Amino acid sequence: MEKKGFLEHLAGLRGVAIILVMLFHLNASTWGHGYLGVDVFLVMTGYLLFRSRLAKGAGPTGLRESATFLCKRVQRIVPPMLLLIIGTILAGMLFLWWQDELFSGKVGFAACLGKANLMLKREFDDYFANDSAFVPLLHLWYLSVTLQIYLIYAVGNLLMERLPRRVLVWGLALVGGASLAYAYAAPLLEWLSAQGLPTWEGVKRVSYYQTLPRLWEVLAGGLVCVLPGLSARRWLADLATIGGLLCILLPALAGSWLPAEFPGTLAVVAGAVLTLRYAPESRAYPLLSNKPLVLLGGISFSLYLVHMPIIVFMRMWVYGEPGAAYSVLILGVALAAAVGFYHGIEKRRFPWWLILLLWCVTFFLSRTTRKTEGFRAYAAPSQWELPAYDQWRLCEHPETTRDFRAEKFPLFDGVFRVMNQTHRQPGSMPHTLLAMGSDERPTCLLIGDSHAAHSYAGLDTVLRQEGISGAYLASYIYPLHGWEEDRKPNYKQTPPREVALFEWLSAHPEITHIIIGQRWWVRLNTETDRHTQDLRLFLTRLRDLGKSAVILGPTPEFGPQAALLHYDKIFSLQGITSTEAEQQAATCTRQQYLHTHATALRVLRQMQDEGLCRLIEPLDTLPEGELFRSLQGGVLMMTDANHMSVGMSRLIMQQLRHQLRAALTPATP
């Protein structure tokens, strides 16, 4: 195998792997299995380690050589990582919400100690959690895993020459088998249980961040060095190479049709082994040795480092997954930044004194960020004030407001643009008050999470009709912030913001009614007693200020398929009429609604019975025996499975108009 050929097909496979990883981070809902590209990197790591060892023959291996190996790897990986952490934390002071900046400091601090994967396992456990999509240093878990693997190899290097060859081979096979069994024990038992076979309980799935369940992938890379060649039977090498590439690409690019129990990692690892071994002997070799892939593979490390912060920072301008135009823009910026990072940083060999200095700066900056709550003082205003009326009606004609999941490239108009940017990065723009209802001085205030924002269009229309003026505070305020602390550590709502809200309310006696919209069933279904007490305390504090609380009850929700019901984009392309599409749309019945929201409705009705609030019941919009469809007359009622579109917001609020009138009209003295 020629060195040039080896470098080209290896670089090409690196290029394939980094493309898969970037697609996953860019749009996980479309490229949901692109994370399997990381498994290709691990196989290549094992291949390079064992190839290097075999190339040295049976020469002496001691502590000095192992230390030299480890130092070289540290000298290559650590300086670019440290500079990335420094740059991300500094940029985060301008772009990130202070909670995300705080979490970036935590990840950077752990990465300095080579244990970012362990820290993320403790914080998230689930790599695929929704709230991890806005963590710019999330990908550093893999660098920590890689450094830990190098450390394990360096220690194992001391033993390899001291063990008989037979013992060494059996020892590696035993370690690989144990690692594989550890990784797949829980999925296998779950599958057997689903088939009705007896199994034992108590075996938990391993975390994606763990190192030990990945050792078998590294050892699988060593198989590339010992598999027999097929140069005499080139057609077999062709089949092995094509089959290997398909084993990588098909699972990694699969959509929702890939069964959850499919062992995608096994397929990708097998494909990487076959491709690495037989591509140089195959006529399919040009597939991997083409210039674009080789160039991408050459800068793959730099591209892996810079792509995640760029994706996070740029998607702050959109809510959820970016559209096609934004995706192209993000990929272009990431590629340009990676080229500069490669030539300016990765190719340079940093002296040890400079590496130590960088480490100290990164350690101090990360620790300071972690300890000072993400430098939140730079963005958190000490007092909120009502802007002048001619400045705060950002949406003169709500009926023209586009849905917040608009497909077009320009930033979203009106309320949803304000809501998305202030919710995702309130540090970069002031807390915004959005006019609602008539043009008089506001008497009510809408607060809450994204469900409050999606109630805005309907509330604005109804309040105009009733001659009531209000405002929407475009900044997350959770009465149940404890739920956020427990379930979303990087987006947890903190009591200081709640305190600031009450200070603001006490300074504005003209605000007599507080409308609260949240996804109640999620927050009240966990630790119900504790969160009931939290809500009671919040409502009591409002009453003590002389404010009347109005709670918007849970709105209908649908299954995941509702997110796909974009008639113009999907059904029309399939030749399906709007009537047929409506028949296929996800539905919600009164019984389903009551079942889903049983706990939340019980708690909210209890608050109303205690005289702490007035509950607006959307249950009235779901008559007995009738279906509520997520698509009505070709109009999409939901932006996803649980958020109302502008059309549905107006439809439901109009049906609740009599309740809103009774709740928001000041009582006659």
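Since we're looking at a predicted model, the values are computed, not measured. (Residues numbered from 1 in each chain as written. Predicted model: local features only at pLDDT ≥ 70, side-chain atom pairs only at ≥ 80, totals over all residues. Heavy atoms only, no water.)

### Points about the overall build of the protein chain
Tallying secondary structure elements over the protein chain gives 29 helices and 10 strands in all. Across the 669 residues in the protein chain, those meeting the buried criterion constitute 52%. Looking at the protein chain as shown, the accessible area adds up to about 30,000 Å², and 61% of this sits on carbon and sulfur atoms. (Helix = DSSP H or I, 4+ residues; strand = E, 2+ residues; numbered from the N terminus. Buried < 20%, exposed > 50% of the residue type's maximum accessible area, 1.4 Å probe, protein only. Areas by Shrake-Rupley, 256 points an atom, 1.4 Å probe, with all protein chains shown as cover.)

### Points about the packing of aromatic side chains
Throughout the structure, instances matching the rule amount to 14 aromatic pairs. Seen from their ring centres, Trp141 and Tyr209 are 5.9 Å apart, and the 85° between their planes marks the pair as edge-to-face. Taken together, the residues Trp141 in helix H6 (residues 140–160) and Tyr209 in the loop between helix H7 (165–194) and helix H8 (215–223) connect sequence positions 68 residues apart. Like Trp141, the residue Tyr209 is buried in the burial classification. Aromatic ring contacts, followed pair by pair, group Phe24, Tyr35, Phe41, Trp141, Tyr142, Tyr208, Tyr209 and Tyr304 into a single cluster. Between Arg73 and the ring centre of Tyr150, over which it is positioned, the NZ or CZ distance is 5.6 Å. Across from the ring centre of Phe301, 5.0 Å away, lies the NZ or CZ of Arg76, which sits over that ring. (Phe/Tyr/Trp six-rings, centres within 6.5 Å; stacked < 30°, edge-to-face > 60°. Lys NZ or Arg CZ within 6 Å of the ring centre and 35° of its normal.)

### Regarding the packing of helix H19 (residues 456–466) against helix H28 (residues 646–655)
It is the contact of H19 with H28, at a shortest axis distance of 7 Å, that shows an interaxial angle of 45°. Overall, the two elements H19 and H28 adopt an arrangement that is oblique. Of the two possible hands of crossing, H19 and H28 adopt the one that is right-handed. Contacts from Tyr456, Ala457, Gly458, Leu459, Thr461, Val462 and Gln465 of H19 reach H28 at Val646, Ser649, Arg650, Met653 and Gln654. Taken together, the residues that form the contact of H19 with H28 break down as 6 nonpolar, 5 polar and 1 charged. (Axes fitted to C-alpha atoms, helices over the stretch in contact; angles between N-to-C directions. Parallel < 35°, antiparallel > 145°, perpendicular 65-115°, else oblique. Left-handed = near helix turned anticlockwise from the far one by under 90°. Contact = heavy atoms within 4.5 Å. Nonpolar A, V, L, I, M, F, W, Y, C, P; charged D, E, K, R; others polar.)

### Examining the nonpolar core
Counting residues in each nonpolar core, the largest one holds 95 residues, and the members touching the most others are Leu120, Leu140 and Trp141. With near-sequence residues (within four places) excluded, Trp141 lies in contact with Val38, Ala116, Asn117, Leu120, Tyr127, Tyr208, Tyr209, Arg214 and Tyr304. With 34 residues, the next largest nonpolar core counts Leu434, Ala453, Ile468 and Met648 among its residues. (Core = buried A, V, L, I, M, F, W, Y, C linked by side-chain atoms within 4.5 Å.)

### Quick look at the confidence of the model for the protein chain
Residues of the protein chain with pLDDT of at least 70 account for 74%, and the chain-wide mean is 77. Considering each helix and strand of the protein chain separately, the mean pLDDT is smallest for helix H16 (residues 389–392), with a value of 32, and largest for strand S5 (residues 548–552), with 95. Scored below 50 in pLDDT, residues 1–5 shows 6 contacts in the model against residues more than four places distant or in partner chains. (pLDDT = per-residue confidence, 0-100.)

### Brief notes about the packing of H8 against helix H10 (residues 264–278)
It is at 9 Å that the axes of H8 and H10 come closest, and there the two elements cross at 25°. On the basis of the axis angle, H8 is roughly parallel to H10. For the element pair H8 and H10, the recorded crossing hand is right-handed. Facing H8, whose interface residues are Trp216, Glu217, Ala220 and Leu223, H10 presents Thr265, Leu266, Val269 and Val273. Taken together, the residues that form the contact of H8 with H10 break down as 6 nonpolar, 1 polar and 1 charged.

### Describing helix H27 (residues 598–609)
Along its 12 residues, H27 runs 16 Å from first to last C-alpha, staying within 8% of the 16 Å computed at 1.5 Å per residue. All of the buried residues in H27 are Ala600, Leu601, Val603, Leu604 and Met607. All buried residues of H27 project into a common sector of 165° when viewed along the axis, lining one side. Immediately beyond the C-terminal end of H27, within one or two residues, lies Gly611, with a positive phi of roughly 75°. (Expected span 1.5 Å × (residues − 1). Arc of directions from axis to C-beta.)

### A few points about the pattern of salt bridges
Here the structure, examined in full by the defined rule, presents 10 salt bridges. The residue Arg464 makes a salt bridge to Asp460 at a minimum N-O spacing of 3.3 Å. Residue Arg464 and its partner Asp460 are both found in helix H19; the two are separated by 4 residues, about one turn of the helix. Taking the shortest distance from any N to any O, the salt bridge between Glu617 and Arg605 comes out at 2.9 Å. Separated by 12 residues along the polypeptide, Glu617 in the loop between strand S7 (614–616) and strand S8 (628–629) and Arg605 in helix H27 bring together distant segments of the chain. The exposure class assigned to Glu617 is buried, which follows from its relative accessible area of 14%. (Salt bridge = Lys/Arg side-chain N within 4 Å of Asp/Glu carboxyl O.)

### Notes on helix H12 (residues 291–298)
Listing the buried residues of H12 in full gives Leu293, Leu296 and Gly297. In a view along the axis of H12, the buried residues occupy a sector of 100°, so they form one face of it. Residues Lys291 and Leu295 are exposed on H12 and point more than 90 degrees away from its buried face. At the N-terminal end of H12, a side-chain oxygen is found 3.1 Å from the backbone nitrogen of Leu293, two or three residues along, and the residue is Asn290. (Polar contact = N/O pair within 3.5 Å; in protein donor to acceptor, adjacent residues only side chain to side chain.)

### Points about the environment of Trp200
Along the chain, the position of Trp200 falls in the loop between H7 and H8. On the basis of relative accessibility, which here comes to 60%, the residue Trp200 falls in the exposed class. The spacing of Trp200 and Glu190 is 10 residues in sequence and 9.8 Å in space, taken between C-alpha atoms.

### Digging into the environment of His658
You can see His658 is positioned in helix H29 (residues 657–664). Take His658: its relative accessible area is 45%, and that puts it in the partly exposed class. A C-alpha to C-alpha distance of 9.8 Å links His658 and Val462, two positions 196 residues apart in sequence.

### Topic: the pairing of strand S2 (residues 444–448)
By the criterion of burial, S2 is predominantly enclosed, with 5 of the 5 residues buried. The pairing of S2 with strand S4 (residues 513–517) spans 5 bridges and is parallel. Within the sheet, the bridge partner assigned to Cys444 lies in S4 and is His513. (Pairing = 2+ DSSP bridges.)

### With respect to the state of the cysteines
By the definition in use, this model includes 0 disulfides. Between Cys112, a cysteine without a disulfide, and Cys360, which holds the nearest cysteine sulfur, the sulfur-to-sulfur distance is 9.4 Å. (Disulfide = S-S within 2.5 Å.)

### As for the side chain of Glu617
One polar contact links Glu617 to Arg605, side chain to side chain, over a distance of 2.9 Å. Filtering out sequence-adjacent residues up to four positions away, Glu617 remains in contact with Leu601, Arg605, Leu656 and Gln659.

### Quick word on the side chain of Glu281
Here Glu281 shows up in the loop between H10 and helix H11 (286–289). Separated by 3.0 Å, the side chains of Glu281 and Arg277 make a polar contact. Here Glu281 is in contact with Gly229, Leu230, Ser231, Arg234 and Ala237, once residues within four sequence places are set aside.

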